[in-house]
Every structure is written in structure tokens, then in C-alpha cells.
Amino acid sequence: MQIEAKTLIKKYGQKITVSGNGKDLQSFAFIQPLRADDQSTLYDDYNQNNVEQYLYIGLPDCPIDDSGSTTITFDNQNYSVVKSESVMLSNKVIYNRAVLEKQQN
């Protein structure tokens, strides 16, 4: 399962840059608008600030955190991480997911 998730994200995902703790890491992820009907415990604060939020699904070897120090850059737009978690199967991370918000440029 982990191999399939990695392959799909690398093949069809967008090229992104993850910045945090003084490091920039090139990776791939899916970033798409998050809609209210996509809610789960990860997304329970959807649209709390009336700000458009985005779903992030990224490679397992590119961890992100929601401490406020991580920025995701895609298509010349910066996103801050609102909430993040690793999705695991048999004690292995198969992908990382998060809720993002656009940063004002």
C-alpha cells in the first residue's frame, strides 16, 4: 500500500516546496480545495475563520507539522499548515495529510 501511494503522489501530484526549520525540501503532493462535505476529525475546524482551506496529501518521507513553522509553496503561492497528521498502515506512514490555508503575499 505504501509503495502504491508514493507512486501515485509522485506521478500525479504537484511539485511543491516544504520550508521549515531553516530547510527547504522539494517534494510532491496533492493540494485541492477542501469542502465542508469532506469533513472528518482532521477537518473539524473547516472554515472557522471564513478562509478557504485546502486538503494536502503528500509523500510519507516528507513530514510536515502544524506548529506554525512549516510553509508549503506551490505555484508561487505559500500555504500555512493548520492541522496535519500521518496516515499509517501496519506501523508505516503511507502518506501525510493536512489542512492548509493560503498566506497573503
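This text follows the structure it describes.
So, here is what we can say about the structure in this document. (Residues numbered from 1 in each chain as written. Predicted model: local features only at pLDDT ≥ 70, side-chain atom pairs only at ≥ 80, totals over all residues. Heavy atoms only, no water.)

1. Notes on the packing of aromatic side chains
All chains considered together, the criterion is met by one aromatic pair. Measuring from ring centre to ring centre gives 5.3 Å for Tyr-54 and Tyr-79, while their planes differ by 75°; the resulting arrangement is edge-to-face. One end of the pair, Tyr-54, is in strand 3 (residues 53-58); the other, Tyr-79, is in strand 5 (residues 77-89), with 25 residues separating them in the sequence. By the burial criterion, Tyr-54 is buried, and Tyr-79 matches it. (Phe/Tyr/Trp six-rings, centres within 6.5 Å; stacked < 30°, edge-to-face > 60°. Helix = DSSP H or I, 4+ residues; strand = E, 2+ residues; numbered from the N terminus. Buried < 20%, exposed > 50% of the residue type's maximum accessible area, 1.4 Å probe, protein only.)

2. Some words on the sheet that holds strand 1 (residues 14-20)
Pairing is antiparallel in the closed barrel, where six strands are placed in the order 1-2-3-6-5-4. Between one strand and the next, the sheet's axes are offset by a mean angle of 45°, whatever the strand orientation. In terms of strand pairing, strand 1 meets strand 2 (residues 23-33) through seven bridges, oriented antiparallel. Paired with Gln-14 across the strands is Ala-29, a residue of strand 2. (Pairing = 2+ DSSP bridges. Axes fitted to C-alpha atoms, helices over the stretch in contact; angles between N-to-C directions.)

3. Regarding the pairing of strand 1
The side chains of a regular strand alternate between both faces of the sheet. Once strand 1 ends, the chain turns through two residues before running back antiparallel as strand 2, passing Asn-21 with a positive phi of about 55°. In terms of strand pairing, strand 1 meets strand 4 (residues 71-74) through three bridges, oriented antiparallel. Residue pairing for strand 4: Val-18 is matched across the bridge by Ile-72.

4. Quick notes on the pairing of strand 3
Counting buried positions over the six residues of strand 3 gives five, a clear majority of the element. Across six bridges, the pairing between strand 3 and strand 6 (residues 92-102) is antiparallel. Each residue of the ladder has a partner; that of Ile-57, found in strand 6, is Arg-97.

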